[in-house]
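Topology and contacts: notes
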Amino acid sequence: MEFYCSDFEGKDKIVDFIKQYNSGVDEEKSITYTDYVGLMMSSVTTIINAISYILIAFVAISLVVSSIMIGIITYISVLERTKEIGILRSIGASKKDISRVFNETVIVGFVAGIIGILVTLLLNIPINIIVEHLTDIAGISALPPAGGAILVIISVVLTLIAGLIPSSVAAKKDPVEALRSE
């Protein structure tokens, strides 16, 4: 026997009825059923979750790589500004002051986060147009304001962490050695 429902409420009522019937009869007289829509939905959900985990892994890898690159760029900046570090230290700048000079990565992280959010918002427009044209589903691609703010904060924190090591290296340089370099 096959039942076809016009909506999910009807399907739920049939499933509840079958469960209620099965609770009062022997196993031989119980009704077994297969919910093909439920099976398909669980398969689709599993596939979407797998794709989401893969995308999260790619994002995590890109965050690690970008943090390493920011650290390398900041370290190169330290090497190029060694003489400046020596001059600052010789006129009385503390190690903390030198460290602050190279924590410019916070600004870089903030600007990069804002640019990323703006690019995402601009890309949402054509993505929504294409998806709506192909599937008649409107507004599927969106960036919530709280999500955007969290992404900017993550960008700032990651760049701050990536800039801490080179800035501490710069602060520990001996002023005399720094002045001799170049």
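Throughout, a residue's number is its position along its own chain's written sequence, starting from 1. Local features in this predicted model are restricted to residues whose pLDDT is 70 or higher, and side-chain atom pairs enter the listing and the counts only when it is 80 or higher, whereas totals over whole chains, interfaces and linings include all residues. Heavy atoms throughout the structure, all of them, feed into the side-chain values; hydrogens and water do not.

Another aspect to go through is the overall build of the protein chain. Runs of E in the DSSP output that reach at least two residues are strands. Runs of H or I that reach at least four are helices, and both are numbered from the N terminus. Of regular secondary structure, the protein chain possesses seven helices and zero strands. Helices and strands in the protein chain line up, N terminus first, as α-α-α-α-α-α-α. Over its C-alpha atoms the protein chain spans a radius of gyration of 29 Å, topping by over 25% the 16 Å that the globule rule assigns to 182 residues. Think of it in three bands: with a 1.4 Å probe and only protein chains considered, a residue is buried below 20% of the maximum accessible area for its type, exposed above 50%, and partly exposed in between. Counting the 182 residues in the protein chain, one finds 19% classified as buried. Exposure was quantified through the Shrake-Rupley algorithm and a 1.4 Å probe, taking into account, for residues, occlusion by the shown protein chains and nothing else. As displayed, the protein chain has an accessible area near 13400 Å², and 70% of this comes from carbon and sulfur atoms. As defined in this context, the radius of gyration uses C-alpha atoms, and a globule is described by 2.2 Å times the residue total to the power 0.38.

Next up on the list: the confidence of the model for the protein chain. The predicted model of the protein chain averages 84 in pLDDT, with 99% of residues at 70 or higher. Between the elements of the protein chain, mean pLDDT differs from a low of 75, seen in helix α7 (residues 175-180), to a high of 90, seen in helix α5 (residues 105-135). For every residue, the predictor reports its confidence as pLDDT, a number between 0 and 100.

So, about the pattern of salt bridges. Within this document, salt bridges are pairs made up of a side-chain nitrogen of Lys or Arg and a carboxyl oxygen of Asp or Glu, the two lying within 4 Å of each other. The full count for this structure, using the stated rule, is one salt bridge. One salt bridge in this structure joins K11 and D12, with 3.7 Å as the shortest N-O distance.

This part takes up the layout of surface pockets. One number sums up the size of the largest pocket: a volume of about 660 Å³. Going through the elements one at a time, α1 (8-23) and α2 (36-80) are the ones with two or more residues in the lining of the largest pocket. At six residues, the largest contribution of residues to the lining of the largest pocket is made by α1. Taken together, the residues that form the lining of the largest pocket break down as 13 nonpolar, three polar and four charged. In this structure, the second largest pocket occupies an estimated 330 Å³ of space. Only protein atoms enter the 1 Å grid, on which a cavity is a set of points fitting a 1.4 Å probe that cannot get out and a pocket is an open set with protein on both sides within 12 Å along at least 5 of 7 lines, lining residues being those with an atom within 4 Å of a point. Grid points are joined across faces, edges and corners, and a volume is the space filled by probe spheres set on the points. The nonpolar class holds Ala, Val, Leu, Ile, Met, Phe, Trp, Tyr, Cys and Pro. Asp, Glu, Lys and Arg form the charged class, and all remaining residues, Gly among them, are polar.

We now examine the environment of V176. Position of V176 relative to the elements: it lies in helix α7. According to the relative accessible area criterion, V176 is partly exposed, its value standing at 45%. When the C-alpha atoms of V176 and L122 are compared, they prove to be 51 Å apart, with 54 residues separating the residues in sequence.

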